[in-house]
Every structure is written in C-alpha cells, then in structure tokens.
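Next come the chains, spelled out residue by residue.
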Amino acid sequence: MERQLAVCLAGHVDHGKSSLLGRLLHELDLLPDGKVAALEAASAHRGVPLEWSFALDSFQLERDQAITLDTTRVRVRTPRREFIIIDAPGHRELVRNLVTGAADTTAALLVVDAESGAEAQTRAHAALLRLLGIRDFIVAVNKMDLLQWDEARFGARRDEIAAALARLGVVVHAIVPVSARDAGNLVAPAAATWYAGPTLVSALEALPAQPPAPVDAPLRLPVQDVYRSGTRRTIAGRLVQGTLRAGDEVLVMPSGERVHVALLDGWPAPFESAEAGDNVSLTFAEPVIAERGDLLCAPHQPARLTPIFDADVFWLGHEPLAVGRRLELRVGARAVEARVAAVLHALDVDRLAPRAATEIPPNGLGRVTLRCAVAVAVDDAADCIGTGRFVLADGGVIFGGGVIDASRYPDQLRARTPISHNLTAVSHNISAAERGVRSGHSGAIVWLTGLSGAGKSTLAMALERALFDRGWSAYTIDGDNVRTGLNSDLGFSPKDRQENIRRVGEVAALFAEAGLVCITAFISPFRDDRRQARTAAGGRRFVEVYVRSDLATCEHRDPKGLYRKARAGEIKGMTGIDSPYEPPENPDLVIDTEHGGEAACIGELVAYVVENCRA
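All residue numbers here refer to positions counted from 1 along the written sequence of the relevant chain. With pLDDT at 70 or above as the cut-off, local features in this predicted model cover only qualifying residues; side-chain atom pairs require 80 or more to be listed or tallied, and sums for whole chains, interfaces and linings still use all residues. Here the side-chain values reflect all heavy atoms present in the structure, with hydrogen atoms and water set aside.

Novice: Quick question: what am I supposed to make of the packing of aromatic side chains here?
Specialist: By convention here, two paired aromatic rings are described through the distance between centres and the angle between planes. Centres within 6.5 Å make a pair out of two Phe, Tyr or Trp rings, where for Trp the six-membered ring is used; the pair is then stacked when the planes are under 30 degrees apart, edge-to-face when over 60, and tilted otherwise. In this structure the tally under the stated criterion is 10 aromatic pairs. An aromatic cluster is present here, built from F154, W194 and Y195 joined pairwise through their rings. The aromatic ring of F492 is capped on one face by R483, whose charged end is 4.0 Å from the ring centroid. Any Lys NZ or Arg CZ found within 6 Å of a ring centre and within 35 degrees of that ring's normal is scored as a charge over the ring.

Novice: How should unusual backbone geometry be read in this particular structure?
Specialist: Most peptide bonds take the trans configuration, and most residues that are not glycine carry a negative phi. A cis geometry characterises the amide bond from M253 onward to P254, with omega recorded as 20 degrees. Runs of E in the DSSP output that reach at least two residues are strands. Runs of H or I that reach at least four are helices, and both are numbered from the N terminus. Mapped onto the secondary structure, P254 falls in the loop between β10 (249–253) and β11 (257–265). Residue Q148 is not a glycine yet carries a positive backbone phi of 55 degrees. Inspection of the secondary structure puts Q148 in the loop between β5 (136–142) and α6 (151–166). Exposed residues in this analysis have more than 50% of their type's maximum accessible area, buried residues have under 20%, and partly exposed residues fall in between, with area computed by a 1.4 Å probe over protein chains only. On the basis of relative accessible area, Q148 is assigned to the exposed category, the value being 64%.

Novice: Where do I start with the side chain of T199 in this structure?
Specialist: Locating T199 in the fold gives a position in the loop between β6 (171–177) and α7 (200–205). Residue T199 is classed as buried on the basis of its relative accessible area of 8%. Polar contacts, as counted here, are pairs of nitrogen or oxygen atoms within 3.5 Å of one another; within protein the pair requires one atom able to donate a hydrogen and one able to accept it, and residues that are adjacent in sequence qualify only if both atoms are side-chain atoms. Of note is the side chain of T199, whose polar atom sits 3.0 Å from the side chain of S202.

Novice: Honestly, the confidence of the model for the protein in this entry has me stumped. Any pointers?
Specialist: When the pLDDT values of the protein are averaged, the result is 86; 90% of them are 70 or greater. The score called pLDDT rates the predictor's confidence residue by residue, from a low of 0 to a high of 100. Strand β28 (residues 589–592) holds the highest mean pLDDT among the elements of the protein, 97, whereas helix α3 (residues 60–65) holds the lowest, 38. Here residues 58–70 is modelled with pLDDT under 50, and outside its nearest four sequence neighbours on either side it reaches 27 contacts, counting other chains as well. Contact criterion: two residues are considered in contact whenever any of their non-hydrogen atoms come within 4.5 Å of each other. Between residues 90–94, whose pLDDT stays under 50, and residues either more than four places distant or in other chains, the model counts 14 contacts.

Novice: I would appreciate a short explanation of the state of the cysteines in the present structure.
Specialist: Such a bond, covalent and formed between the sulfur atoms of two cysteines, is termed a disulfide. Criterion for a disulfide: a pair of cysteine sulfur atoms within 2.5 Å. Evaluated as defined, the whole model comprises zero disulfides. Of all cysteine sulfurs in the structure, the one in C297 sits closest to C384, which takes part in no disulfide; the separation is 9.0 Å. A residue is classified by how much of its surface remains accessible, and C384, at 5% relative accessible area, is buried.

Novice: Help me understand the pairing of β10 in this model?
Specialist: In regular strands, side chains alternate between the two faces of the sheet. In terms of residue burial, β10 counts as a mostly covered element, since four of its five residues are buried. Where β10 and β11 come together, four bridges link them in antiparallel fashion. From the neighbouring strand, V252 faces β11, where its bridge partner is E257. Once β10 ends, the chain turns through three residues before running back antiparallel as β11, passing G256 with a positive phi of about 80 degrees. Only strands joined by at least two bridges in the DSSP assignment are considered to pair. Here β10 pairs with strand β14 (residues 295–297) via three bridges, running antiparallel. Bridge pairing links L251 to C297 in β14.

Novice: I'm lost on the sheet that holds β28 in this one. Help?
Specialist: Strand-to-strand pairing in sheets goes through backbone hydrogen bonds, with the strands running parallel or antiparallel. Across the sheet, five strands lie side by side as β25-β26-β24-β27-β28; this open sheet has parallel pairing. Looking at which strands have only one partner, the edges of the open sheet turn out to be β25 (474–478) and β28. Each adjacent strand pair in this sheet contributes to an overall mean axis angle of 20 degrees, direction not counted. Bridge count for strand β27 (residues 541–548) against β28 is four bridges, and the pairing is parallel. Bridging from a neighbouring strand, V545 pairs with L589 of β28. Relative to the sheet, helix α12 (residues 494–513) contacts β24 (444–449), β25 and β26 (517–521), its axis offset from that of β24 by approximately 150 degrees. To obtain an axis, a line is fitted to C-alpha atoms, over the contacting stretch when the element is a helix, and the angle between two such axes runs from 0 to 180 degrees between their N-to-C directions.

Novice: Is there a simple way to think about the environment of L147 in this case?
Specialist: Along the chain, L147 falls in the loop between β5 and α6. Residues L147 and A114 lie 33 residues apart in sequence; the distance between their C-alpha atoms is 7.6 Å. Not counting residues within four places of it along the chain, the set of residues in contact with L147 comprises A114, E115 and R153.

Novice: How should the side chain of D310 be read in this particular structure?
Specialist: Within the secondary structure, D310 sits in strand β15 (residues 304–315). A distance of 2.8 Å separates a polar atom in the side chain of D310 from a polar atom in the side chain of T369. Side chain to side chain, D310 and Y409 meet in a polar contact 2.6 Å long. The residues touching D310, leaving out its near neighbours within four places in the chain, are L344, R367, V368, T369, V403, I404, D405, R408 and Y409.

Novice: Is there a simple way to think about the sheet that holds strand β7 (residues 220–229) in this case?
Specialist: Around the barrel, which closes on itself, the six strands sit in the order β7-β8-β13-β11-β10-β14 with antiparallel pairing between neighbours. Mean inter-strand twist for the sheet, computed between neighbouring axes without regard to direction, equals 45 degrees.

Novice: Even after reading the chapter, I still don't get the nonpolar core, so can you show me in this structure?
Specialist: As a rule of thumb, soluble globular proteins bury nonpolar side chains together. The set of buried Ala, Val, Leu, Ile, Met, Phe, Trp, Tyr and Cys residues whose side-chain atoms join them within 4.5 Å is what this entry labels a nonpolar core. Ranked by internal contacts, the top residues of the largest apolar core, which has 36 residues, are L110, F137, V139, V141, I161 and L165. For this core, the secondary structure elements donating two or more residues are β1 (5–11), β4 (107–113), α5 (120–131), β5 and α6. Per-element tally for this core: the top contributor is α5, with five residues. Once you skip the residues sitting within four places of it in the chain, L110 turns out to touch A10, G11, T122, A126, F137, I138, V139, A140 and L165. One finds W472, I519, C554 and M574 within the second-largest nonpolar core, a separate group that totals 33 residues.

Novice: Got a minute to help me understand helix α16 (residues 598–613) in this structure?
Specialist: A turn of α-helix holds 3.6 residues, and therefore any two residues three or four places apart point the same way. With 16 residues, α16 ought to run about 22 Å at 1.5 Å a step, and its terminal C-alpha atoms sit 22 Å apart, in line with that. Those residues of α16 that sit buried are C601, I602, L605, V606, V609, V610 and C613. The arc that holds every buried residue of α16, seen down its axis, measures 155 degrees, which confines them to one face. In this structure, α16 carries A600 and E611 as exposed residues pointing more than 90 degrees from its buried face. In this structure, the buried side of α16 is in contact with β24, α10 (456–469), β26, β27 and β28. Expected helix span is computed as 1.5 Å times (number of residues minus one). The arc refers to the directions leading from the helix axis to the C-beta atoms.

Novice: How should I be thinking about the pairing of β7 in this particular structure?
Specialist: Examined bridge by bridge, β7 and β14 share three bridges and lie antiparallel to one another. Note that in β14 the partner of L221 across the bridge is L296. In terms of strand pairing, β7 meets strand β8 (residues 232–238) through six bridges, oriented antiparallel. Within β8, the position partnered with R228 by the bridge is R233. Counting the residues between successive antiparallel strands, the hairpin from β7 to β8 contains two residues, one of them, G230, with a positive phi of roughly 65 degrees.

Written as structure tokens, this is what we have:
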C-alpha cells in the first residue's frame, strides 16, 4: 500500500460533499456496525430520506441545518491506498475552517452539483486551494441521478469545470460523474453505459503520492520558543525543510549572526541528526542569542530579509481590505505590524482571472503589496511554503492570510554582508573642516527621489549649475548616466536595482567625504535602499528631497517614453505601474513639481541646499 495521502474535500455548501463521503465510507464497509440503522432512524425522525452526511456531522446544529460547521478528518482505506480525507465546510462564512482543513493537504476532491455547476463559491474554493499550494485535483460531478445520468449535460459540466480550473494552473486528474444518493461511480461503475472513465475510488488511488519531506532543501527552522535554565538557552522548533546535525553552522535571522549547533537535545540521549518534519530542541556552541520568531537557516542559502513583499491573499474580514489597512502579520512564530501598501488586483471568481481593483472584498482573493514595520525573514512560497505563507490578524482574530512573492524586492541581508573580511580602513590626513574652509561649504549628499517624469534630473542639473556659479564644488550622479559606466553590468532585476542604488550611495559618500556636494537623481523607490544610502553617508550631511508629482502627471509628461512602453507591456517592473513607489515618510525637503513651476522649484531647492550646506 502506498504512503497515506491527505485530500481536502471541498465545494459549495449544498453540493453534497458530506453525503458523498458518508456514502463512500458505507460502500467501502468502513462505517461501524449499527451506524446505518442509526442514520435511518435519525433521518426518519427528521422526516427526510436517509441522509449519509449524518455519518460525519459532529454537532446537533449541523444535523438540524444540514451543513458542516467544522472540518472532519476521516481515514479512508481503499483496496490500494490509504487516505486522510478532510471534509472542509463550504459555507461562505466558514472559509476559515476550509483554510485550516486544507493547510496540510496536497490534493483536492472538488464536489460540484451536476445541475448547478461550478458556482461562484465553488470557483472561489478552488482558487483558495490553489493559493494554499494544492495542485492535484479530482472533480466529482454529484447528483447525476437527478439528471437521469444525462450524458450531454454531464459533458457540458465537465467542459465548463475543466476550462475554469485550467485558468488556475492546476492539474485535473479526473472529472467523474457520481451519485452520492445511489452510490453510482463511487466504488462500482454506475448503470450509465456511456461513461468509460474511472470510478471515484479508482481516480483517488491514481493520484500522485504525497511528496516526501524536503530533507535535501536548504535548512529552515523557525524558532518557536526559547527555554532558559541559568545561562543555558535551549532553542525549540520544527524543521520546515532540510537536515540538521550537531556541529552544523547555522545563520540566525534577522540578526545575521552565524553559530554552531552544540547538540540536539533528546530523551533518553541527544539526537545525532534531525530532518524536515521533526520537532527538535538544540543548544548553541557560541554565546549567540536567538528569540522566538527568529529563523535558523543554511548559511550559504538563507531566506530573504525584507520588510516589503507582494502576496496572494485571501481576506475574511467584514470590510474590504484596502490600502493603508494595518494588521498583525504572522510568519511562523514571528509577529510584526504590517500595512497594505498597494492592492495590485483582485480575483474575479466568475472568470478565475485577475481584475483591476483598489480593494479586496470580504471573502475575496487578490494580490497586494505588504510593508512590515521591520524586516522579516521569508522565502517565496514557490521555494518554501513553510516560510512563505502567513496569516493576518487584528486584535488577536485572524482575518486572512496568504503566500509570499518577494522576488521583486531587495534582500537586506545580502546588501549588508560583505564578501571579503580581510579589510582595513585607511584614514585621510585632511579633515572635513579643512576641506570646508577651502571650498566655503561642507561636503554633502543631496538625494532626489520621485517617480520617473517627476523632474529629478532637471532639478539636479539646475542645482549643480547654480552651485557651480557660486564657486561651490558640486557634481550630479544621474540614473541613466551611471548605468553607462559604473553600473553598466547591472540589469533591472530586483537584485540589480538594489545593487545599483547601493553603489550610488557608496560613491556619493566618497564624493561628500572629498568635500563636494554630490547630487543624485534616482527613482530609488524603496525606503530601505534610501535608508541604506543615508547610512553609507555616515556623519556627512544627507539631504533627502522628495520630488513629488502624482502618477497621472508623470505619465502625461513621459519624457523618456517609459510609461508608454510599460503600458504596452514592453517594460516590466515599471515603478508606479506594476512596481510600487514608497514616498519618503520624513523627507528633509519636498519639492512639488506637480503644481509648482520649474523656476520656483529650482529656486526653492537651491535656497535650501545653500542654507544648509554652508561651511
């Protein structure tokens, strides 16, 4: 018998999921003795035909209302395999239970009413299951007895369902016409002679095996708790993926410290090793502190450290999820404040395709950009689902969740980790004060940020001219210019964009140290990159200037034709179009080029720099 497979049973509340599972258990002779007689009595007492769902319903309320309120886990043994079938509720208000039930499954059995078809709720359930990582589907088209097993009507339902699920990118292994009422095509073939496909049990038995635990993947161990006994600190957690042995070096995130594992605690003796799926407790060999919510990683293949990422989310709140909403985000045992920075699209459940939207409706799905108060260690869900999914809570109540795609955003750990450690700083013999006395001004960085078309380059070049005319030493580093030389090896991937700004920040710091006023004109859309540039400046004067102009105005100007190309799909990741821009929260100066004239804006910028950068 193959390894046990977990299957989520899902579908609309009235399409007969629990009835199908109850009748399947009876046909496989898995119900206890006397159960059928009890079901007959319970059904007769309520004046209804024998209701097979009563075999599963745990609460009196469920029997009275004929709905499932909680997830039901049932072990099902067929001639060839063993399954854990999780009957998840279909009621719209109970989607939380569906998420809970589906979280640890790898396949889905979707039940669809032959007469009603794939209603909006059914399609939404399928999309949610796909979001949770389920790719393998079987569809049971139920209640075929009510249609007298009409072949044409089944064919129409089959084609409709297949087309809808194809848009989700899932694998549909079989679409089986069944009748939970009379057991047609559950275990034995139905009387309908036109159907030559597998029975439901045969289709289940043919599903791919449960994937093995990812023991060969890079280590990921979320720290669930830390126990202290004197100076001894014991780290407890469950390996999401990878293998861990005593003596291994691990990276503690978000701190970035490296440490060796002294031993893996166990009873009656320490373990030699642990692998994905194991619960472990361990101690470090060095005096490095880890806390609940930290993540232990493979040092050379760590998670990504970022405060911002895109996410496919499901939203269970009573009000729509809109830009600006603040929530608690939980990844593993890590909980941080997060804000919705952008709504990229919502899912149209009728077409199972994205649609433009400014909010995610209640019980809806979509894609958003989330900005956390601090950087968190995460993986893209496609690489590691255990560290790539999260929940959203407010006041201790879970309102949603989703999966992470941080591929467009900078990795702060990579940015702050030098490759070489054999370095010795060299001090100059000329002080900043001496340079200032000679030039009449202090060295400084004037960092202009804003959307493409806001006027950054125009302002930067005008400022440089004005300062030069005053006898000051000034130089402008412009975005396009620097990519023809210093950064000609960089493209426009997230990592390359981050490295582009990092290099500019370091070069600007050197210019400022030499006593120049270095002016930079870069979109630099992310606060973290601009914060890093300010850090690189050290004690030198750093003036962050927000060149403010809304997207519509910038797109109307479109001096380089970039917006036109982005709208035509020729440019991907264009800031303001399909990549976010994070305005400065506390800029030193705001220049409003949307409403102000060019001469007035230049004058305001020159006056501020002259006033604040005099020696």
